[in-house]
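# Commentary on secondary and tertiary structure
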Amino acid sequence: MKKDSTAKIIRASIGSLGVLGLRNIKLPAPPTTLYLMLGEKCMFDCAYCPQARTSHGSTDFLSRVIWPKIDWELLKNAVLKAPDIVKRVCFQVVSSKGYVEEALFFVQDLSRTLSEAKESSSNLRTLPISVSIRLSDISDVKRLFDAGAERIGLAMDVVSRDNYANIRGGDFDRDFHFILSAGERFKGRITTHVIVGMGETDEELFNAFSGFYKRNITVGLFAFTPIKGTRMENAKRPSLSRYRKIQFMRYLFSMNKGFVPHFDENGKLISIEGESVGNFVKNGAIYMTSGCPNCNRPYYNEEPLGPMFNYPFIPDETERIVNEFTEKVERNKVVFRE
Ligand code: SF4
């Protein structure tokens, strides 16, 4: 933990550098969270990730976003002057050698810098810190909170029991229960990530959301995005209409709205019934990026020209979105096209 921070280099997403004024780029949707990346070349081998051990993809990428290197001191100074639109900082930690200690160092250093700056100038805001990291020991989760993290993201990513070991490596039940137990121990401070399009059924997504939201674990939902050089570079993305109904289901869980899902014999979600679900479906917030508060991850899954799986802002075309994925919308029932 007691490392010298001089001449430390990390990576930041190109959009984060843009919003901080460290890169001159056009931002059709500025990020409301700053995304910083620690480490490279992961010891794990997730089939969809360009940072994976056997991936031939560029380590400059995570999903479809580019992450230039930057001096840590320079970046920290820019974070202190971040524009008001920025509401959070998130460290994306690649599981390279010594990654937990590395994450502890950076979280503590940033947290200390932010509170010292706040003490000397009451006009400064303190930005909450999230850490997205792969852990299997609950004491490491606690150490990161003690170092200054506000939320920890423990990604499940794959909710298909049959495909988990092959796509992500590890044991489905062990990893799922680890995230649940972290949620029970650190109430309201755990986020997980789930990717749609990993061979799971809609019913498996329902079961996973149900477990997470029962423990107050927030779900950041993503659409599988094939990246060149990864084992899944030729796999298909989920259809937009399937993704929309899963977004809708996740949103109902997040709002604690009781509902009854109907699945066919293959676990495909056909319809949802519940008090005024037909009004809920028109809420544009459903189709935005989800996860920690103010995490909007612009263009993480999509090209700026679309199609938009996760909107980084409230879409103004909600009626069109709803018509595209629903067959029938009644006050207490929504029937899906696909
Ligand atoms: S939801 Fe966003 S802010 Fe939270 S851990 Fe995931 S990427 Fe980071």
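Residues numbered from 1 in each chain as written. Predicted model: local features only at pLDDT ≥ 70, side-chain atom pairs only at ≥ 80, totals over all residues. Heavy atoms only, no water.

### A word on the pairing of strand β12 (residues 269-273)
- Where strand β11 (residues 260-263) and β12 come together, 4 bridges link them in antiparallel fashion. Pairing of Phe263 across the sheet is with Leu269, part of β12.
- Counting the residues between successive antiparallel strands, the hairpin from β11 to β12 contains 5 residues, one of them, Gly267, with a positive phi of roughly 80°.
- Sheet topology note: the β12/strand β14 (residues 333-336) ladder contains 3 bridges and is antiparallel. In the sheet register, Ser271 faces β14, and the bridge partner there is Val335. (Pairing = 2+ DSSP bridges. Helix = DSSP H or I, 4+ residues; strand = E, 2+ residues; numbered from the N terminus.)

### With respect to the site of the ligand
- The environment of the ligand is made up of Cys90, Gln92, Ser130, Ser132, Thr191, His193, Gly291, Cys292, Cys295 and Arg297.
- In this structure, the ligand is accommodated by the largest cavity.
- Among the elements of the structure, β6 (88-93), β7 (129-132) and β9 (190-196) are those that each provide at least two residues to the shell around the ligand. (Near = heavy atom within 4 Å. 1 Å grid on protein atoms, 1.4 Å probe; cavity = no way out; pocket = protein on both sides within 12 Å on 5 of 7 lines; lining within 4 Å. Sits in = over half its atoms within 2 Å of the grid points.)

### Thoughts on the packing of helix α6 (residues 172-185) against helix α7 (residues 202-214)
- The N-to-C vectors of α6 and α7 enclose an angle of 30°; their axes lie 9 Å apart at closest approach. The pairing of α6 with α7 is recorded here as roughly parallel in orientation. Across the interface between the two elements, Phe176, Ile179 and Leu180 of α6 pack against Ala208, Gly211 and Phe212 of α7.
- A per-class count over the contact of α6 with α7 returns 5 nonpolar, 1 polar and no charged. (Axes fitted to C-alpha atoms, helices over the stretch in contact; angles between N-to-C directions. Parallel < 35°, antiparallel > 145°, perpendicular 65-115°, else oblique. Contact = heavy atoms within 4.5 Å. Nonpolar A, V, L, I, M, F, W, Y, C, P; charged D, E, K, R; others polar.)

### A look at the layout of surface pockets
- Taken as a whole, the largest pocket holds about 830 Å³ of empty space.
- Together, 43 residues line the largest pocket, and Cys46, Tyr48, Ala155, Asp157 and Arg168 are the ones closest to its centre.
- Breaking the lining of the largest pocket down by element, the ones donating at least two residues are β6, α6, β9 and β10 (218-223).
- Here the lining of the largest pocket takes 4 residues from α6, the largest share from any one element.
- Grouping the constituent residues of the lining of the largest pocket by class yields 25 nonpolar, 11 polar and 7 charged.
- One number sums up the size of the second largest pocket: a volume of about 340 Å³.
- Forming the boundary of the second largest pocket are 19 residues, of which Ile14, Gly15, Val65, Pro298 and Tyr299 lie nearest the centre.
- Classifying every residue of the lining of the second largest pocket by side-chain character gives 14 nonpolar, 2 polar and 3 charged. (Points joined across faces, edges and corners; volume = space filled by probe spheres on them.)

### Quick look at the environment of Ala285
- Along the polypeptide, Ala285 turns up in the loop between α9 (277-280) and α10 (318-325).
- The exposure class of Ala285 is partly exposed, given its relative accessible area of 25%.
- Between the C-alpha atom of Ala285 and that of Phe206, which follows or precedes it by 79 residues, the distance is 19 Å. (Buried < 20%, exposed > 50% of the residue type's maximum accessible area, 1.4 Å probe, protein only.)

### Observations concerning the pairing of β9
- By the criterion of burial, β9 is predominantly enclosed, with 7 of the 7 residues buried.
- Going residue by residue along β9, you find Ile190, Thr192, Val194 and Val196 tucked away on one face and Thr191, His193 and Ile195 tucked away on the opposite face as well.
- Two elements, strand β8 (residues 151-153) and β9, share 2 bridges in a ladder whose sense is parallel. Following the sheet pairing, Ile152 is matched in β9 by Ile190.
- The sheet contact formed by β9 and β10 spans 6 bridges and is parallel. Considered in β10, the bridge of Val194 is made with Leu221.
- On the question of chirality, the crossover connecting β9 to the parallel β10 by way of α7 is right-handed. (Right-handed = clockwise from strand over helix to strand, strands pointing away.)

### Structural notes on empty space enclosed by the protein
- The full count for this structure, using the stated rule, is 1 cavity of 30 Å³ or more.
- What the largest cavity holds in volume is close to 90 Å³.
- Lining of the largest cavity is provided by 15 residues; of these, Cys90, Thr191, His193, Cys292 and Cys295 occupy positions nearest its centre.
- Elements with a minimum of two residues in the lining of the largest cavity: β6, β7 and β9.
- Top contributing element to the lining of the largest cavity by residue count: β7, with 3 residues.
- Taken together, the residues that form the lining of the largest cavity break down as 6 nonpolar, 8 polar and 1 charged.

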